[in-house]
Amino acid sequence: MAIDYGDARTGVALSDPTGFLAGQTFLIKSRKQEVVLEELAALVQRQGAQELVMGYPRNMDGTLGPRAEKYAAFARRLEEATGLPVALWDERRTTVDAHRILGEQGVRAKNRKDKIDSVAATLILEGYLDWKRLQAQRQEREEETP
């Protein structure tokens, strides 16, 4: 399960059971951290999520700013609420890419507000799943090498 945490909306994307494709998305509309935590914990339980990855805001030069600290604190609370570790994933450009994707699909700018966070969560999930596949392939090659 991937999470694009935000001040007013939090996008969520789930992979298929094989962990190969990003699939179903959800949107949590709340400014209250407690509400978002409760809804995420309920989704984890209901959907049987086994891993959590959350977008982690880095500055374009790779440094961490004040939002990164806020997100890391939220990730710690999410771990406590769900009992699952949260992987923090560099989310630079996901919102920009989500706007581009929705624009290419013909979604007008004023209609993107409720879709953008779910699309961004899907991009985070796809990046994480791709990375996991590459890690598994590297490990297989290393095990094959005498």
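Here the structure is shown first, and the text comes after it.
Quick caveat, the model's predicted, so the values are computed rather than measured. (Residues numbered from 1 in each chain as written. Predicted model: local features only at pLDDT ≥ 70, side-chain atom pairs only at ≥ 80, totals over all residues. Heavy atoms only, no water.)

Student: Quick question: what am I supposed to make of the sheet that holds strand 5 (residues 86–90) here?
Tutor: Within a sheet, adjacent strands bond to each other through the backbone by hydrogen bonds, running parallel or antiparallel. Taken together, the 5 strands give an open sheet; going across it, the order is 3-2-1-4-5, and neighbouring strands pair in mixed fashion. Each of the sheet's edge strands pairs with one partner strand only, and the pair in question is strand 3 (22–29) and strand 5. Averaged over all pairs of adjacent strands, the angle between strand axes in this sheet comes to 25°, irrespective of strand direction. Here strand 1 (residues 2–4) runs beside strand 4 (residues 52–56); their pairing, made up of 2 bridges, is parallel. Each bridged residue has a counterpart across the sheet, and for Ile3 the counterpart in strand 4 is Met54. Relative to the sheet, helix 1 (residues 33–47) contacts strand 1, strand 2 (9–15), strand 3 and strand 4, its axis offset from that of strand 3 by approximately 150°. With respect to the sheet, helix 2 (residues 66–82) is in contact with strand 1, strand 4 and strand 5, its orientation differing from that of strand 4 by roughly 165°. (Pairing = 2+ DSSP bridges. Helix = DSSP H or I, 4+ residues; strand = E, 2+ residues; numbered from the N terminus. Axes fitted to C-alpha atoms, helices over the stretch in contact; angles between N-to-C directions. Contact = heavy atoms within 4.5 Å.)

Student: Got a minute to help me understand the pattern of salt bridges in this structure?
Tutor: Proximity of charged atoms lets side chains of opposite charge pair with each other. Per the counting criterion, the structure on display carries 7 salt bridges. For Asp7, the salt bridge goes to Arg67, with nearest N and O atoms at 3.4 Å. With Asp7 in the loop between strand 1 and strand 2 and Arg67 in helix 2, this pair connects stretches of sequence that are 60 residues apart. Look at Arg67 and you get partly exposed, because its relative accessible area is 36%. (Salt bridge = Lys/Arg side-chain N within 4 Å of Asp/Glu carboxyl O. Buried < 20%, exposed > 50% of the residue type's maximum accessible area, 1.4 Å probe, protein only.)

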